[in-house]
Amino acid sequence: MKNLLKKIDYNNIPHHVAIIMDGNGRWAEKRGKIRTFGHENAIQSVRDTIIVVKKLRISYITLYAFSSENWNRPKKEIDNLMHFIHLNLTSSLEEIHDNNVKIIFIGEIEKFSYLIQKKLIYFRNKTKHNTSGTLILALSYGGREEILRATKNIAEKIHIGRFSLKDVNYSSFQNHLYTKDIPDVDLIIRTSGEQRISNFLLWQSAYAEFYFTNVLWPDFRKKDFYEAIINYQKRKRRFGTVENN
Ligand code: IPE
Ligand code: IPE
Ligand code: MG
């Protein structure tokens, strides 16, 4: 691990990292257990992630915890997952608060139970003055849904005369997204070997770098995160232009 840390360039730390935490079900199935067992074992990986975020001073970390499409899973898995989220939310988020990390949420939070929503709002308020980075939890989140929602919102404002068509630009559109005060994502990490975006941060990832690893999310540890950062630091980002411009 020490050797890995030596390879990190502290002048080139991504500002915003987003992780598609995938592979919990397969991790459990490999052990002959039900899929929920994988979700239960995902917490240590989140802990390790937060430690790295603090250590490298990553300003924003977004974790894809539940997608809009995940509601289409079997009812039993959803019920188990909701029960698990409800049980563990307080201790997990309390720990993140103890690390002085601010917590915010993106997605259709209103689709969760009243009790879960209450806890989420409680932690958003409680951590709003924390200064060691921001954790963005994507819950019932879908990129297409987010873009449609922003579009409808703007259309409605134009309709009632609060906004004019000539004022619609990247910046004002961005202001209507869940991520309105958050910079674009620099690095997207996906675990479990899948190489797809699965409706995550579609607008915000326009110029993101992608890093895929075969590690299943419950096995993801600090060293895996450091490896992703080192790999990212070898990339040349051009943003459509040419080098040495
Ligand atoms: C990711 O793990 C967690 C959620 C989507 C909630 P999965 O549950 O997708 O696990 P796999 O991909 O089936 O192994
Ligand atoms: C993406 O994983 C969503 C989360 C990790 C929360 P999925 O397991 O839902 O994605 P697909 O279905 O394999 O594309
Ligand atoms: Mg999956």
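Residues numbered from 1 in each chain as written. Chains lettered and ligands numbered in written order. Predicted model: local features only at pLDDT ≥ 70, side-chain atom pairs only at ≥ 80, totals over all residues. Heavy atoms only, no water.

A. Expanded view of the sheet that holds strand E5 (residues 187-190). Strand order across the open sheet formed by six strands is E3-E4-E2-E1-E5-E6, with parallel pairing between neighbours. Two strands in the sheet have a free side with no partner beyond their single neighbour: strand E3 (102-106) and strand E6 (209-212). The average angle at which neighbouring strand axes cross in this sheet is 20°, direction not considered. In the sheet, strand E1 (residues 16-20) pairs with E5 via four bridges, with the strands oriented parallel. Of the residues in E5, the one forming a bridge with alanine 18 is isoleucine 188. Helix-sheet contacts for helix H4 (residues 43-56) involve E1, strand E2 (60-67) and strand E4 (134-141), and the interaxial angle to E2 is about 160°. (Pairing = 2+ DSSP bridges. Helix = DSSP H or I, 4+ residues; strand = E, 2+ residues; numbered from the N terminus. Axes fitted to C-alpha atoms, helices over the stretch in contact; angles between N-to-C directions. Contact = heavy atoms within 4.5 Å.)

B. Representation of the pairing of E2 within the structure. Here E2 lies mainly inside the structure; seven of its eight residues are buried. Inspection of the sheet shows E1 paired to E2 by five bridges, in the parallel sense. Within the sheet, the bridge partner assigned to valine 17 lies in E2 and is isoleucine 61. (Buried < 20%, exposed > 50% of the residue type's maximum accessible area, 1.4 Å probe, protein only.)

C. Seen up close, the site of ligand 1. Ligand 1 sits among Met21, Asp22, Gly23, Asn24, Gly25, Arg26, Arg35, His39, Ala65, Asn70 and Arg73. A distance of 3.4 Å separates an oxygen atom of ligand 1 from a polar backbone atom of glycine 23. Within the backbone of asparagine 24, a nitrogen or oxygen atom sits 3.2 Å from an oxygen atom of ligand 1. The protein chains hide 87% of the 380 Å² of surface that ligand 1 would expose on its own. At the level of secondary structure, the elements contributing two or more residues to the shell around ligand 1 comprise helix H2 (24-30) and helix H3 (35-40). At three residues, H2 tops the list of elements feeding residues into the shell around ligand 1. Grouping the constituent residues of the shell around ligand 1 by class yields two nonpolar, five polar and four charged. (Near = heavy atom within 4 Å. Polar contact = N/O pair within 3.5 Å; in protein donor to acceptor, adjacent residues only side chain to side chain. Areas by Shrake-Rupley, 256 points an atom, 1.4 Å probe, with all protein chains shown as cover. Nonpolar A, V, L, I, M, F, W, Y, C, P; charged D, E, K, R; others polar.)

D. Region of the structure containing the pattern of salt bridges. Considering all chains together, one arrives at 16 salt bridges under this definition. Aspartate 186 is paired through a salt bridge with arginine 237; the nearest N and O atoms lie 3.0 Å apart. Of the two residues, aspartate 186 is situated in the loop between helix H8 (170-174) and E5 and arginine 237 in the segment after helix H9 (222-233); the sequence distance between them amounts to 51 residues. According to the relative accessible area criterion, arginine 237 is partly exposed, its value standing at 24%. (Salt bridge = Lys/Arg side-chain N within 4 Å of Asp/Glu carboxyl O.)

E. Molecular detail of the environment of isoleucine 103. Relative to the helices and strands, isoleucine 103 is located in strand E3. Apart from residues no more than four positions distant in its own chain, isoleucine 103 is found in contact with Leu93, Ile96, Phe123, Arg124, Thr127 and Leu135.

F. Geometry of the packing of aromatic side chains. On inspection of all chains with the given rule, the structure shows 15 aromatic pairs. With a centroid separation of 4.9 Å and an interplanar angle of 20°, the aromatic rings of tryptophan 217 and phenylalanine 220 are classed as stacked. For tryptophan 217, a relative accessible area of 0% puts it in the buried group. Ring-pair connections join several aromatic residues into one group, and the members of that group are Tyr64, Tyr141, Tyr178 and Phe200. (Phe/Tyr/Trp six-rings, centres within 6.5 Å; stacked < 30°, edge-to-face > 60°.)

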